Amino acid sequence: MWFYENVTREQFEAVKDKVEQMMLSLGAQKADVQLSYEQKTSAVTPQGTAEWSSQRAVFAFGDEYFRIGEVLFSKKPFIVIEFGSYDDLINNTMEDAQPFPYDLSPENMLSEVKYSLGIEPYPEDDELSPKKGECLMNVLEAINSRRSYRGKFKPDPVPREHLVRILNAGLNAPSGCNKQTASLIAVDDRQVLDKLLGVIQPPVAQTAPAAICVLTQRINAYRDKCYAVQDYSAAIENMLLAIVELGYQSCWYEGHITDEDNIAGKMAEILGVPSDYDLVCFMPVGIADGEPTKPNKKPFEQRAWFNGFGKTE
Ligand SMILES: Cc1cc2nc3c(=O)[nH]c(=O)nc-3n(C[C@H](O)[C@H](O)[C@H](O)COP(=O)(O)O)c2cc1C
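These figures come from a predicted structure and were not determined experimentally.

**Re the overall build of the protein chain**
Alright, step 1. Summing up its helical and strand segments, the protein chain has 10 helices and 11 strands in all.
Alright, step 2. Buried positions account for 28% of the 313 residues belonging to the protein chain.
Alright, step 3. Partitioning the intrachain contacts of the protein chain with sequence separation of at least 6 by distance along the chain shows that 69% fall at a separation of at least 24.

Next up, the structure:
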């Protein structure tokens with residue numbers, strides 16, 4: 001299945017063929033390397049999850065190896081040439097050169113291939129590569145479109161690759177004195193998930209195909225200062241944004257599970273969490289089968305000011 005709006009899978013693969021031809025014309029050679037893994041890409045769109053595995057060839061050029069991949073950027077697929085040493089190739093740890101759009105003129109495409117192969121340095125202002133401003137917009141878009149979603153989820157599984165990206169977003173959050181007191185457990189095993197959902201009362205997110213449990217260690221950062229709550233809150237918000245960015249929905253369930261019923265304690269037991277960690281939040285992850293509701297937010301002027309409390313100038 002393939003969901004990008006303006007190009008079919010066949011058209012996109014045909015562009016990749018052209019890029020490979022350009023690599024050959026620039027002196028790259030097809031390398032005779034059998035890889036023990038498939039190159040996988042996936043994208044989540046409002047219509048569902050698109051998975052694609054590619055058998056793209058490996059090319060040798062200079063003393064490096066190259067291979068064409070793809071990334072989803074600003075909801076549009078970009079071509080990216082991966083590069084690295086033989087070990088990187090074998091261990092699937094190649095780096096991505098700068099992605100470029102698939103719909104470039106042949107001339108501009110050739111320039112991008114030259115930059116990716118290191119034949120020419122990237123120009124100071126590479127008009128064709130994704131802009132910093134575009135990335136920033138993505139973050140702002142995610143922030144502004146995030147809502148707590150409490151509806152049903154579609155059954156589509158969440159690929160591990162996406163869960164890893166979401167977990168990494170959480171782990172990359174700031175933490176007081178860099179104590180990194182928040183830890184995370186992603187759950188995508190249906191049996192484990194059902195056990196967890198079975199102890200949450202009143203029930204929530206029963207149809208979610210995956211979830212993330214957030215743990216905290218309430219240790220002091222310095223003297224008597226404990227920033228555990230701030231640390232895990234920052235991690236949760238980062239993950240909520242990554243979840244939205246990848247096309248999923250979630251909700252920060254904390255009140256539900258940390259009151260006097262000690263549901264969180266039961267969940268921690270199911271997950272084998274050691275006693276010096278507290279489970280503090282449950283976040284379902286999945287494709288929404290409905291629309292999140294938009295809560296009322298107080299107007300800007302009631303909560304944000306310039307140059308002094310209540311000031312508008
Ligand atoms: C610390 C904290 C605890 C929360 N606990 C719950 C909860 O237990 N159940 C729930 O449905 N939503 C919970 N939420 C989500 C809030 O209800 C939600 O963020 C708020 O209503 C604003 O809606 P929005 O997220 O769509 O902007 C929690 C949010 C935070 C920050």
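Here the narrative resumes, following the displayed structure.
**Details of the site of the ligand**
Alright, step 1. Taken together, Arg 147, Ser 148, Arg 150, Cys 251, Trp 252, Tyr 253, Glu 254, Gly 255, His 256 and Pro 295 make up the full set of residues adjacent to the ligand.
Alright, step 2. Considering only residue class, the shell around the ligand consists of 4 nonpolar, 3 polar and 3 charged.

**What about the nonpolar core?**
Alright, step 1. Core analysis: the biggest nonpolar cluster contains 43 residues, and Ala 211, Ile 212, Val 214, Met 283 and Val 285 have the highest contact counts within it.
Alright, step 2. Secondary structure elements with two or more residues in this core: α5 (160-171), β9 (182-187), β10 (210-216), α7 (228-245), α9 (263-270) and β11 (278-285).
Alright, step 3. For this core, the element with the most residues is α7, which contributes 9 residues.
Alright, step 4. Other than its neighbours up to four places away in sequence, Val 285 contacts Val 158, Ile 166, Ala 208, Ala 210, Ala 211, Ile 212, Ile 243, Tyr 248 and Ser 250.
Alright, step 5. Counting residues in each nonpolar core, the second largest holds 20 residues, with Phe 59, Ile 81, Phe 83 and Tyr 102 among its members.

**What to know about α7**
Alright, step 1. When the terminal C-alpha atoms of α7 are compared, their 26 Å separation across 18 residues agrees well with the 26 Å that a helix rising 1.5 Å per residue should span.
Alright, step 2. Buried within α7 we find Ala 228, Asp 231, Tyr 232, Ala 235, Ile 236, Asn 238, Met 239, Leu 240, Ala 242, Ile 243, Val 244 and Glu 245.
Alright, step 3. Two residues or fewer past α7, Gly 247 is found with a positive phi of approximately 95°.

**Quick notes on the packing of α5 against α7**
Alright, step 1. Viewed as axis vectors pointing N to C, α5 and α7 meet at an angle of 145°, and their least axial separation amounts to 7 Å. In this structure, α5 meets α7 at a crossing whose hand is right-handed. In this structure, α5 uses Arg 165, Ile 166, Ala 169 and Gly 170 to contact α7, whose residues at the interface are Ala 235, Asn 238, Met 239, Leu 241, Ala 242 and Ile 243.
Alright, step 2. Grouping the constituent residues of the contact of α5 with α7 by class yields 7 nonpolar, 2 polar and 1 charged.

**Quick notes on the packing of helix α1 (residues 9-25) against helix α3 (residues 106-117)**
Alright, step 1. With their axes 10 Å apart at the nearest point, α1 and α3 run at an angle of 60° to one another. Between α1 and α3, the angle is such that the two are oblique. The chirality of how α1 crosses α3 is right-handed. Residue-level inspection shows Val 19, Met 22 and Met 23 of α1 in contact with α3, the latter providing Met 109, Leu 110, Val 113 and Leu 117.
Alright, step 2. Among the residues forming the contact of α1 with α3, the class breakdown is 7 nonpolar, no polar and no charged.

**Observations concerning the pairing of strand β6 (residues 76-84)**
Alright, step 1. Relative to strand β8 (residues 100-101), β6 runs antiparallel, the two being bridged by 2 bridges. Considered in β8, the bridge of Ile 79 is made with Phe 100.

Rules and cut-offs
- Residues numbered from 1 in each chain as written.
- Predicted model: local features only at pLDDT ≥ 70, side-chain atom pairs only at ≥ 80, totals over all residues.
- Helix = DSSP H or I, 4+ residues; strand = E, 2+ residues; numbered from the N terminus.
- Buried ≥ 20, exposed ≤ 12 C-beta atoms within 10 Å, placed from the backbone.
- Contact = placed C-beta atoms within 7 Å.
- Near = placed C-beta within 6 Å.
- Nonpolar A, V, L, I, M, F, W, Y, C, P; charged D, E, K, R; others polar.
- Core = buried A, V, L, I, M, F, W, Y, C linked by C-beta atoms within 7 Å.
- Expected span 1.5 Å × (residues − 1).
- Axes fitted to C-alpha atoms, helices over the stretch in contact; angles between N-to-C directions.
- Left-handed = near helix turned anticlockwise from the far one by under 90°.
- Parallel < 35°, antiparallel > 145°, perpendicular 65-115°, else oblique.
- Pairing = 2+ DSSP bridges.

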